[in-house]
Amino acid sequence: MTFLPTIDTKLNVWTLAAVLTALYTLFGLVRGWWRSSLGKRRQLIRAYRRMAPYVCHDYVKDLFGEPAWEHKQTVHKYGADERDEAVPQDAELTVRTWPLGTLGFLVTWSNEHDEVLMYSLTTRSRFFRPRVAVGPHRITLGRTPLASLPAPGPDAAGPWPALGARRFSYAEQH
């Protein structure tokens, strides 16, 4: 008489279900950790590369979420007059700031029609050094010095440096 053990298929099905549930939970935890740490840099760089001047503020809000700070600011807008001299004009812009965790900040300046006229990306971490195109040149934020860019051509206007007690700025027009 041969002895055949009874195979309980219920036990195998429940074991398989428990293993699959554990793997799905572990995958969710690893994916959440990746998106909040190392993968966040890649996501932010990808979103930043989708930005361009004159996009709508709602588009930027879709990429980066709600801004943390928003205020109106009167700024000097440099433009050329009929004699091709740079004349500052006052313009009121909406300034919005997004903190990007410990990686950096994104700041946008929008006009009254909510079109983004300018945007700025500031890095705060040695782990967040995106490559940015400045005309035909590519620089790495936090690593490439401003002096490595070529001098502006004859059709460029500026520069307009400003130095105060606690603030400084620099602008060129190309």
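Enquirer: Is there a simple way to think about the side chain of serine 110 in this case?
Expert: You can see serine 110 is positioned in strand E3 (residues 104-110). We classify serine 110 as buried; its relative accessible area is 0%. Within polar-contact distance, the side chain of serine 110 engages the side chain of arginine 96 at 3.1 Å.

Enquirer: I would appreciate a short explanation of the pattern of salt bridges in the present structure.
Expert: Oppositely charged side chains are able to pair whenever their charged atoms sit close together. This structure, assessed with the given rule, holds 4 salt bridges. Residue glutamate 70 is joined to arginine 96 by a salt bridge in which the shortest nitrogen-to-oxygen separation is 3.5 Å. Taken together, the residues span a long stretch of sequence, with glutamate 70 in strand E1 (residues 69-80) and arginine 96 in strand E2 (residues 86-99) at a distance of 26 residues. For arginine 96, a relative accessible area of 4% gives the class buried.

Enquirer: Is there a simple way to explain helix H3 (residues 57-64) in this structure?
Expert: What sets the pattern is the α-helix's 3.6 residues per turn: residues three or four places apart point alike. Among all positions of H3, only His57, Val60, Leu63 and Phe64 are buried. For H3, the buried positions fall inside an angular range of 120° around the axis, keeping them on one side. Just past H3, the residue glycine 65 takes up positive phi, approximately 90°.

Enquirer: How do you make sense of the packing of aromatic side chains when you look at a structure like this?
Expert: The geometry of an aromatic ring pair comes down to the distance between the two centres and the angle between the two planes. Inspection of every chain in the model, using the stated rule, returns 3 aromatic pairs. For the pair tryptophan 33 and tryptophan 34, a centre-to-centre distance of 6.5 Å together with 55° between the ring planes defines the contact as tilted. A residue is classified by how much of its surface remains accessible, and tryptophan 34, at 36% relative accessible area, is partly exposed. Taken together, a centroid distance of 5.6 Å and an interplanar angle of 75° make the contact between tyrosine 48 and tyrosine 119 edge-to-face. Of this pair, tyrosine 48 sits in helix H2 (residues 38-49) while tyrosine 119 is found in strand E4 (residues 116-123), placing the two residues 71 residues apart along the sequence. Overall, tyrosine 48 belongs to the buried group, its relative accessible area being 14%. Residue tyrosine 119 is classed as partly exposed on the basis of its relative accessible area of 24%.

Cut-offs used in this document
- Residues take numbers from 1 onward in each chain, read along the sequence in its written order.
- Side-chain atom pairs in this predicted model are given and counted only at pLDDT of 80 or more, local residue features only at pLDDT of at least 70, and totals for whole chains, interfaces and linings cover all residues.
- Only hydrogens and water are set aside when side-chain values are computed; all heavy atoms of the structure are taken into account.
- Labels follow the DSSP assignment, with helices taken as runs of H or I lasting at least four residues and strands as runs of E lasting at least two, numbered in each case from the N terminus.
- Each residue is assigned to one of three classes by its accessible area relative to the maximum for its type, calculated with a 1.4 Å probe on protein chains only: buried under 20%, partly exposed between the two thresholds, exposed over 50%.
- We define a polar contact as two N or O atoms separated by no more than 3.5 Å, with the added condition that, inside protein, one atom must be a possible hydrogen donor and the other a possible acceptor, whereas residues neighbouring each other in sequence contribute only through side-chain atom pairs.
- Whenever Lys or Arg places a side-chain nitrogen within 4 Å of a carboxyl oxygen from Asp or Glu, that contact is recorded as a salt bridge.
- Note: the arc covers the axis-to-C-beta directions of the helix.
- Pairing of aromatic side chains here covers Phe, Tyr and the six-membered ring of Trp, requires ring centres within 6.5 Å, and sorts the geometry by plane angle: under 30 degrees stacked, over 60 edge-to-face, intermediate tilted.

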